[in-house]
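Residue-level listing of the chains:
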Amino acid sequence: MDPGDPACDPASDPATRDPTGDPTAQSVPTGQDPLLFLQSLQMLWSTRELRQLREEAWRGFAALDDPLTSLLDMLDGSQGWRGRGPSLEAWVACELKRWLQTRPRPRPAQGSPGLKQLQARAVRVLAESPPSLVEPLVSIFQLQDADRSPLLAHIHRLHQEGRFKEDKVHLVERYVDSLPDLQQRLLALLDSWCQPGFDIRVVARWYPQVTSVRLERLSPRELSRQVLRLLERYGLDPALCPNMITQQHLAALRYLCHKRLVERSLSQESWAEHVQGLVGQNQWLQEQLLQLLTAHNDAAVVARCVLDLSLPTEQLPATVATELNRLRLQEGTTEAPFEDREDDHYQLPIAREDIYFLASWEALSRHQEELLQPGQVVGVDLEWRPSFCAGGRPRASLMQVAVEGRVFLLDLPKLLSPAGGPAPRAFSRLVSRLLSEPSVTKLGYGMAGDLRSLGASYPALAHAEKQLRGSLDLLQVHKQMRVVDMPAPGVDGARGPRGLSLLVQQVLGKPLDKTQQLSNWDRRPLGEGQLVYAATDAYCLLEVYWALCREPARFHLSGDLARSLRLGRSDRSRMQEPPRLQKALASPRQVPAEGVAIPEVRARAFRVVCDSMLQGLARSLRCLGVDVLVLGAGEDHRRAAEVARQEGRVILTSGLPYQKLRAQVGAGRCLSVDCSLRARQQAKAVLRHFNVRVTPADIFSRCQACNCDQYLKVSKDMMKQLVWLGSHPEGPSSTGDKTTQNEDERETGSAPEEAPGCGTYDPPCRWLEEADLRSRAPATLGNGTRLQLAGVPAGVLQRRALRHFYCCTGCGKVFWEGSHLGRVAAHFQEVLEGAPGSREPGQAPGPAGSSD
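From a predicted model like this one, the values you see are computed outputs, not experimental measurements.

## Some details on the overall build of the protein
(1) Moving on: Of regular secondary structure, the protein possesses 35 helices and 19 strands.
(2) Moving on: Put simply, of all contacts in the protein between residues at least 6 apart along the chain, 71% involve residues at least 24 apart.

So this is what it looks like as structure tokens:
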């Protein structure tokens, strides 16, 4: 079980027995400090060593004087559980519940003063906790049988302060859980909101008191996702929601048009086949498709698409109509020129006759000895028909196994039917032998996901992932690689290669041609282009592996990569890398390239300039302490090169001028960023590419809005005075303040009522004094910067635990203690120096909220 999984039902897990093997655990000294105990588990948590983590946790529980009080001390003294996603604290709570259930011991009686105090503390934690903490806390502290008055009083206080947020969606879901008729009616209502042309603002005007959420969260795209999720939850037929299906088809059309017209990574034949299946005779989808096509400026390509799909031509632009008429008169029209790209891509180095398509056990059995030859290396890959609608991932259609000089393409539907027959059983045994044989090294790229899909497609191969021995996932190697003057994995132009194609380009010089990737792999017979593509996808794994073993230093890998594979094979289990391989693939910060150490850059010393399309990336980097300048919307890209040369900055660009800019500033000073990634993903990729060292102290050391790193600390009393003088000279309006508060706190989060971490966010800055103010109404600093006080909620000013605020001297933005820092630390945990567990006990940094 994943350590982050809070589903810790002891009845369903044999691990409810004491993992230490000692039913009493009396040998462990008592009196352990709970925060030190939590810190001791951080390293094991980060490596996901579940068995050892559980053993250490259970020994620690036995060493605590009062486990219940200690759990609350841990939660009060740390911040990790307040963010999204799995947390060590939630896992510890779940394990403590299990540990208590296996050790019958006297519990405080319900209604006793001691238990009431613990329950009151638990209620305060529950008010801030994610769902993963609710069930264990309720069980441990017997809250299901407790007096409800403290809980109701606490909720009432939160509601008054504007910090109580009802989850209306989950409330409705729970209400209809056991009512099939209401489930269908709920889905029908949501689906009606997904119909083309429906305006959700109409509903907002009908029910203004319950539509405080942002309207963009109720867009057809978001609503269709909710409908699909509820369909899966209730197990209902997707045909009940035709509008949701139409929205799904529209999203798929946008994706396919981008792949065909922008990336040019999809063949015309495959594109037309998929689009025809999505659009059919739906007139509205035909109109949407025409709009997508005519927005593209290549008349020849658009005309070819219109002709292949027999789309209406009445509203075509004149240039496209002219080209369409020419195509109709021309017989045997060929593909668009960009389809022939052999010179630009990796080419399969074996002859066509060395590709074997095997659709029967008789044909496959003749190659059985060749596939299972001990000591060899094989490349393994899978293909399946892409799916653009509800219903889950389709079954795997083709399995490719490459050995030196040959590739075998295994027709899975044929080889595994009829289920249970002698031939399918023989094939399943062959696959199991291949995967489990430790002397045969299996290469893959994201192999765990492929094998899970294989097992989900065919019950006879359900245990394929668990049987794997002697494997190397080149995806993990790719993450550790660094290639001088080339984009790191995940950082590339919008049209550039990604994933395995990027790895092949970095190692072998040219990317893979992916135009057949989204073709129909269920079609029989497969096209010639499909056969070559499938063989290439598997064989390139061998060539990449051989190149890495020949020149590991070129890619910053240890020189004993090949030796570590030979020696570590027998120790491999499932998809885990052996210890030797983990040492061979050392992190970029530790491995020199060709004898030259890779320089490490501190976050606050790293300086970049971004184009105007990377605003989100700029904010993400600034919140980690990086000095980021952003070009204005109208500024020429050449300005970036000028700034980079004058101020020693690195250029981050999302557009086409990458090559020109790189030539102006030199190697290693310009990077093209993948705009398909989220801002956080872009930031992580940039930090890894330039080996930037980020510490927890760097978080929020710089203003995200203006890039200034100079703050002033403002006392709560002074902030109250400035807000009152600047915003409400005649006295504040409670209604207006409450509205501002609610809107703000949905954005920034807030500190708990009793926050032991309050004050831990402490950037080096001095207190704001009267002499620093040019005027008090409106509050203006001596440098002319006006403080942004309008967004400071009245509820924040009333928090007893909050002692001070911060303001940026560059733009006047106001910050305060909240939950944002914890979320940022969780989001960027893998790139933070020393995370997790790098902080001293009791110093869990409280995050900064803000006024916008």
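From this point, things continue past the structure.
## Thoughts on the sheet that holds strand β2 (residues 377-384)
(1) Moving on: Spatial strand order, β1-β4-β3-β2-β5-β6: six strands in an open sheet with mixed pairing. Taken across any chain shown, the strands that pair with only one partner, and hence form the sheet edges, are β1 (355-358) and β6 (471-473). Sheet twist, expressed as the mean angle between neighbouring strand axes with direction ignored, is 20°.
(2) Moving on: Here six bridges tie β2 to strand β3 (residues 396-403), and the two strands are oriented antiparallel to one another. Of the residues in β3, the one forming a bridge with W384 is A396.

## Quick look at the sheet that holds strand β10 (residues 650-653)
(1) Moving on: Taken in spatial order, the four strands line up as β9-β8-β10-β11 in an open sheet, and their pairing is parallel. Looking at the sheet topology across the chains shown, the edges are occupied by β9 (627-630) and β11 (670-672). The mean inter-strand angle of the sheet, taken between neighbouring strand axes irrespective of direction, is 25°.
(2) Moving on: Its contacts with the sheet place helix α28 (residues 615-623) against β8 (607-610), β9 and β10, and it is angled at close to 160° to β9.

## Some remarks on the packing of helix α13 (residues 268-279) against helix α15 (residues 299-309)
(1) Moving on: Contact geometry for α13 and α15: axes closest at 10 Å, N-to-C directions at 50°. Between α13 and α15, the angle is such that the two are oblique. Crossing of α13 against α15: the hand is right-handed. On α15, the residues that touch Q268, W271, A272, V275 and Q276 of α13 are R304, C305, D308 and L309.
(2) Moving on: When grouped by side-chain class, the residues that make up the contact of α13 with α15 number five nonpolar, two polar and two charged.

## Here we look at helix α21 (residues 447-457)
Since there are 3.6 residues in each turn of an α-helix, residues three or four apart along the chain are aligned in direction.
(1) Moving on: By the criterion of burial, α21 is predominantly enclosed, with eight of the 11 residues buried.
(2) Moving on: All of the buried residues along α21 are M447, A448, D450, L451, S453, L454, G455 and S457.

## A short note on the pairing of β3
(1) Moving on: Taken across its eight residues, β3 has eight buried, putting it largely inside the fold.
(2) Moving on: Linkage of β3 to strand β4 (residues 406-411), two consecutive antiparallel strands, is achieved through a turn of two residues, within which G405 is found at a positive phi near 90°.

## Regarding helix α35 (residues 820-827)
(1) Moving on: Of all the residues in α35, the buried ones are L821, G822, V824 and A825. Along α35, the residues classed as buried sweep out an arc of 165° about the axis, all on the same side.

## Re the confidence of the model for the protein
(1) Moving on: Taken over all residues, the pLDDT of the protein has a mean of 75, while the share at 70 or more is 73%.
(2) Moving on: Per-element confidence in the protein ranges from a low mean pLDDT of 32 for helix α27 (residues 579-584) to a high of 96 for β1.
(3) Moving on: A low-confidence stretch, residues 20-30 stays under pLDDT 50, and its non-local contacts, those more than four residues away or across chains, total 16 contacts.

So, how was this worked out
Residues numbered from 1 in each chain as written. Predicted model: local features only at pLDDT ≥ 70, side-chain atom pairs only at ≥ 80, totals over all residues. Heavy atoms only, no water. Helix = DSSP H or I, 4+ residues; strand = E, 2+ residues; numbered from the N terminus. Contact = heavy atoms within 4.5 Å. Pairing = 2+ DSSP bridges. Axes fitted to C-alpha atoms, helices over the stretch in contact; angles between N-to-C directions. Parallel < 35°, antiparallel > 145°, perpendicular 65-115°, else oblique. Left-handed = near helix turned anticlockwise from the far one by under 90°. Nonpolar A, V, L, I, M, F, W, Y, C, P; charged D, E, K, R; others polar. Buried < 20%, exposed > 50% of the residue type's maximum accessible area, 1.4 Å probe, protein only. Arc of directions from axis to C-beta. pLDDT = per-residue confidence, 0-100.

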